[in-house]
Amino acid sequence: MTMKHLLAATALVALAAPVQAQVQERTIRISNGVAEDHPVADGIEAMRQCTDERTDGAWTLNAFWSSALGDDLQATQALRSGVQEMVITSTSPIVGIVPELGVFDLPFLFANAEEADAVLDGEFGEFISERMLDSGLVNLSWWENGFRNLSNNVRPIESLEDFQGIRTRVMQNNIFLDTFQTLGTNPTPMAFGEVFTALETGAIDAQENPYVTIDTSQFYEVQDYVSATQHAYTPFLVLFSGPIFQTYSEEEQQILRDCAMAGQSVQREASRELAGQSLERITEAGTAFNEISEENMAEIRDAVLGVYERNADTIGQDVIDRVQSQLAEIRGE
Ligand code: KDG
């Protein structure tokens, strides 16, 4: 090789090097409490296809299921200290870290999934994600967990009275604790990974989750009744470790954000499609399902109105006002 060729080759390498350095080999571990057949897996698969394309296969996304890497709270703390990359968790188990997230635990906040999408994908979702940055958490996207419904082994829940005395697992979250105490149940906070066994052994009578989770975590096998209480919509956060995020190049950070959004549409669609099928599977397995009359739902809604006021200081009254004003706008009020 002549000197001229050598210089040309060196210049090429020099030119190529910074580009190369923008995207490095990465292994990203994703912790999930839900099981592998939950629609979150569809979202992760879409995200993986996207990162494969954008990084030319330089990234490996490894998903762990059924709390194999610890419960949601432990996994989220591991993100904050920079020892793990990702967790997909419901907002509720981590309100101790970001109290503003408690806004999504308020009973009957959203009337339907369209409202939830509009709020989460709009100004309010952005505002909450920004608040999370201070806690070392980067929310890449809002995915769907779904409307939550109560299942139990005592009786079908058809009215406010029916909640009385039922030993109910709630998430580790004071707002859920307040809601279910107010409804008259006997609530016990517990991590998601312990719920199946607690139901199976009879340590508790009830739990509350979307149909998709009742199906994919097989709670229906150890529950006699599922009632359409639809009492809360607690979204999924697609969280990335703040300390690790900072070590990624700008291009890599953008890939993460774009690919989590690519996963969002697939995950939400899969979740909505599966909800009906899940309910069918639950009832086919012999678990009785019931809706609640409009009149009785109104009574249940009224009973928990005080939860908003009692938890306003913790969540922040400004945060509650903000979401309610966005909802009023969406509802054309
Ligand atoms: O990891 C799965 C959980 O984040 C989610 O399903 C939480 O809804 C939840 C529950 O009941 O704990």
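Okay, so let's go over this structure. No experiment lies behind these values; they were computed from the predicted model shown.

**Considerations on helix 2 (residues 40–55)**
Okay, step 1: The terminal C-alpha atoms of helix 2 lie 22 Å apart, and with 16 residues this matches the ideal 22 Å at 1.5 Å per residue to within 8%.
Okay, step 2: Those residues of helix 2 not exposed but buried are Val40, Gly43, Ile44, Ala46, Met47, Cys50, Thr51 and Thr55. Considered in projection along helix 2, the buried side chains sweep an arc of 160 degrees and stay on one side of the axis.
Okay, step 3: The inward-facing, buried residues of helix 2 abut strand 1 (26–32), strand 2 (59–64), strand 3 (86–90), strand 4 (137–143), strand 10 (236–241) and helix 10 (250–284).
Okay, step 4: Looking one or two places after helix 2, you find Asp56, whose phi comes out positive at around 60 degrees.

**As for the sheet that holds strand 3**
Okay, step 1: Read across the sheet, five strands follow the order 2-1-3-10-4 without closing on themselves; strand pairing throughout is mixed. The outermost strands of the open sheet, each flanked by one partner alone, are strand 2 and strand 4. Within this sheet the neighbouring strands show an average axis-to-axis angle of 25 degrees, counted without direction.
Okay, step 2: Bridge count for strand 4 against strand 10 is six bridges, and the pairing is antiparallel. By the bridge assignment for strand 10, Asn139 is matched with Leu239.
Okay, step 3: The strands touched by helix 2 within the sheet are strand 1, strand 2, strand 3, strand 4 and strand 10, with strand 2 carrying the most contacts at an inclination of about 170 degrees.
Okay, step 4: Against the sheet, helix 3 (residues 72–80) makes contact with strand 1, strand 3, strand 4 and strand 10, and its axis sits at roughly 140 degrees relative to strand 3, the strand it touches most.

The rules behind each value
Residues numbered from 1 in each chain as written. Predicted model: local features only at pLDDT ≥ 70, side-chain atom pairs only at ≥ 80, totals over all residues. Heavy atoms only, no water. Helix = DSSP H or I, 4+ residues; strand = E, 2+ residues; numbered from the N terminus. Expected span 1.5 Å × (residues − 1). Buried < 20%, exposed > 50% of the residue type's maximum accessible area, 1.4 Å probe, protein only. Arc of directions from axis to C-beta. Contact = heavy atoms within 4.5 Å. Pairing = 2+ DSSP bridges. Axes fitted to C-alpha atoms, helices over the stretch in contact; angles between N-to-C directions.

Geometric descriptors of this kind do not, in isolation, establish any biological role.
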